[in-house]
Amino acid sequence: MKGEITIDKQEQKHYAGFAAIVGRPNVGKSTLTNGLIGEKIAIMSDRPQTTRNKIMCIMNTENAQIMFLDTPGIHKPQHKLGQYMVRAAESTLHEVDVILFVVDVSEKRGAGEDYILEQLRKVKTPVILVANKIDKLADKGKLFSIIESYTKDFTFVAVVPVSALQDIEFPGLVGEIIKHLPEGPAYFPDDMITDQPERVIAAEMIREKVLRATRDEVPHSIAVEVDEFKVRDNDDIYIRANIFVERESQKGIVIGAKGSLLKKIGEQSRRDIEALLGNKVFLDLWVKVKPDWRNKDKALRQFGYQG
């Protein structure tokens, strides 16, 4: 009919689905997750095995909603916590619409990548190879041969080189992900960026600062539990959190001389939490000892890990 506006039905389509981000520890999965959604949700550290739980982060585009699951790095577990982390990561492979296999092109391919490829062969989920840290590759000419070493061993639906640290928006990667999402409405409101409660994200941000401040002196024997998360009448937020370590000597390291390191951890954590919540935060930190908690089912459940 004359005067009618014709709308392209293709433009009306909306897609929504889940994407798992997997890889060995310290390949940049959390950095990539934060970069994709434009917010700091997953904690970042140059220490391996930083992520312990599946953390869902939500990204909205004009025609899609993507739920990213940032998983713990798949590795050979050394304790019950490690076993839980690997189970959490591997179970995700069967629960999503597409998998992002992130590799660090600046490091030599090893047994860790080969093990993950073995797990990927067991599922029918489409897999995108994300070649990360191309900014650290001194000889860019080697990128093709590095990618080829993976593509000859596995059939990926796409290969996307990125620098999770430097790139912005990742249009190429996002476009490839959307190709494998089912058509459908959004699962979550547009302003929701994670399924994790605010107190959980606060605990993770505190743990990140402890990891950075203590380096190798207190590796991964750190757990953080938020005891109290209270919004006051003036909208300020009061948070009391316990930092757990496994030995008395580690407690002294975290506290530092005259409390100096704990004060630094608190100041850095507070800034990140305030940036996320948009409110002034009063942070009350305590350090406690729980011997060998990583091998105790009760402690794992207490800290949100199912032993």
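Look up a bit, the structure's there.
Residues numbered from 1 in each chain as written. Predicted model: local features only at pLDDT ≥ 70, side-chain atom pairs only at ≥ 80, totals over all residues. Heavy atoms only, no water.

(A) Fine view of the sheet that holds strand S1 (residues 15–22). If you trace the six strands from one edge of the open sheet to the other, you get S2-S3-S1-S4-S5-S6, paired in mixed fashion. Looking along the sheet, the strands with just one partner apiece sit at the ends: strand S2 (55–60) and strand S6 (158–161). Recorded for the sheet is a direction-independent mean angle of 25° between the axes of neighbouring strands. Direction of pairing for S1 relative to strand S3 (residues 64–70): parallel, over a ladder of seven bridges. Each residue of the ladder has a partner; that of Phe18, found in S3, is Met67. Packing against the sheet, helix H6 (residues 171–178) makes contact with S1, S2, S3, strand S4 (98–104), strand S5 (127–132) and S6, and its axis sits at approximately 100° to S3. (Pairing = 2+ DSSP bridges. Helix = DSSP H or I, 4+ residues; strand = E, 2+ residues; numbered from the N terminus. Axes fitted to C-alpha atoms, helices over the stretch in contact; angles between N-to-C directions. Contact = heavy atoms within 4.5 Å.)

(B) Up close: the nonpolar core. Leu32, Leu36, Ile66, Phe68, Leu100, Leu173 and Ile177 are the most contacted members of the largest nonpolar core, which has 28 residues in total. Looking at this core, the elements that each hand over two or more residues are S1, helix H2 (29–37), S2, S3, S4, S5, S6 and H6. By residue number, the principal contributor to this core is H6, which donates four residues. Sequence-distant contacts of Phe68, defined by excluding residues within four places in its chain, comprise Ala19, Ile21, Leu36, Ile37, Ile55, Met56, Cys57, Met59, Leu100 and Ile177. Formed by 26 residues, the second largest nonpolar core is a distinct cluster that contains Phe101, Leu137, Tyr150 and Phe154. (Core = buried A, V, L, I, M, F, W, Y, C linked by side-chain atoms within 4.5 Å. Buried < 20%, exposed > 50% of the residue type's maximum accessible area, 1.4 Å probe, protein only.)

(C) Local environment of the packing of helix H8 (residues 248–255) against helix H9 (residues 260–277). Between H8 and H9, whose axes approach to 5 Å, the crossing angle comes to 65°. Contact residues: H8 offers Ile253, Val254 and Ile255, while H9 offers Ser260, Leu261, Leu262 and Ile265.

(D) Region of the structure containing unusual backbone geometry. Despite not being glycine, Glu169 has its phi angle at roughly 75°, a positive value. Of note, Glu169 is situated in the loop between S6 and H6. The backbone of Asp235 sits at a positive phi, close to 75°, despite the residue not being glycine. Secondary-structure assignment places Asp235 in the loop between strand S7 (223–231) and strand S8 (237–245). Overall, the relative accessible area of 47% leaves Asp235 in the partly exposed class.

(E) A look at the side chain of Gln65. Looking at where Gln65 falls in the secondary structure, it is placed in strand S3. There is a polar contact of 2.8 Å between the side chain of Gln65 and the backbone oxygen of Phe188. Each residue touching Gln65, except ones within four places of it in the same chain, is listed here: His14, Tyr15, Ala16, Gly17, Ile58, Met59, Asn60, Leu181, Ala186, Tyr187, Phe188 and Pro189. (Polar contact = N/O pair within 3.5 Å; in protein donor to acceptor, adjacent residues only side chain to side chain.)

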